[in-house]
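Each chain is listed here by its residues.
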Amino acid sequence: LTRRKVQEWAMASRGMFPVQSEQRGEAHDHLQEFVLWEEAATSSLSEQSPQRIKWGQVKSPDRAIEKLLRSYHQDVSRLVDMCRQQIVFATLDDMLECLRTIGADGEVVVVRVKNKMLPDYNSAESAGYRDLSLNLRVESEESRALGLAGH
């Protein structure tokens, strides 16, 4: 369900996903490759194949319990990032288009936004890394049928 939503948003905004590199070795360990979803979605056996995309995973029960105990004082309602996905953009305009698409999606509720793109964010705290993280909840007929709409 989440993956399908992320794919829709990436298609509408020139979003990219990380791919598994087939090259091994010390020189390639630190390099990350990305593929435009619009290219991967129409490829079957090529280098851009959707099968090569590194999709986010559901948080393990052990990690969820650890986070509840260490960070959330056993308040289960604060555990909002169980299923992670990422979309990468070449430009801020593409990222903005994705945010507009998410905002217009009637099946999505934005729960929280962490914006490390703001000028006042101290990027020295993250070695220069910047991103924008959204916690979302999908409230659709399918998510209600699966019992996921409130999570």
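Relevant structure appears above.
Rules used throughout
Residues numbered from 1 in each chain as written. Predicted model: local features only at pLDDT ≥ 70, side-chain atom pairs only at ≥ 80, totals over all residues. Heavy atoms only, no water. Phe/Tyr/Trp six-rings, centres within 6.5 Å; stacked < 30°, edge-to-face > 60°. Helix = DSSP H or I, 4+ residues; strand = E, 2+ residues; numbered from the N terminus. Buried < 20%, exposed > 50% of the residue type's maximum accessible area, 1.4 Å probe, protein only.

**Q** Is there a simple way to think about the packing of aromatic side chains in this case?
**A** Centre-to-centre distance and the angle between the planes together describe a pair of aromatic rings. With the rule as written, the count across this model stands at three aromatic pairs. On the numbers, 5.7 Å between centres and 85° between planes, the contact of F17 with W37 is edge-to-face. Taken together, the residues span a long stretch of sequence, with F17 in strand β1 (residues 16–19) and W37 in helix α2 (residues 37–40) at a distance of 20 residues. Looking at W37, the relative accessible area reads 8%, which means it is buried. Geometrically, the ring pair formed by F17 and W55 is tilted, given 4.8 Å between the ring centres and 55° between the ring planes. Of this pair, F17 sits in strand β1 while W55 sits in the loop between α2 and α3 (61–70); the two residues are 38 residues apart in sequence, bridging distant segments of the chain. Note on F17: relative accessible area 1%, which makes it buried. Residue classification places W55 among the buried residues on the basis of a relative accessible area of 12%. Three or more aromatic residues joined by ring pairs make a cluster, and in this case those are F17, W37 and W55.

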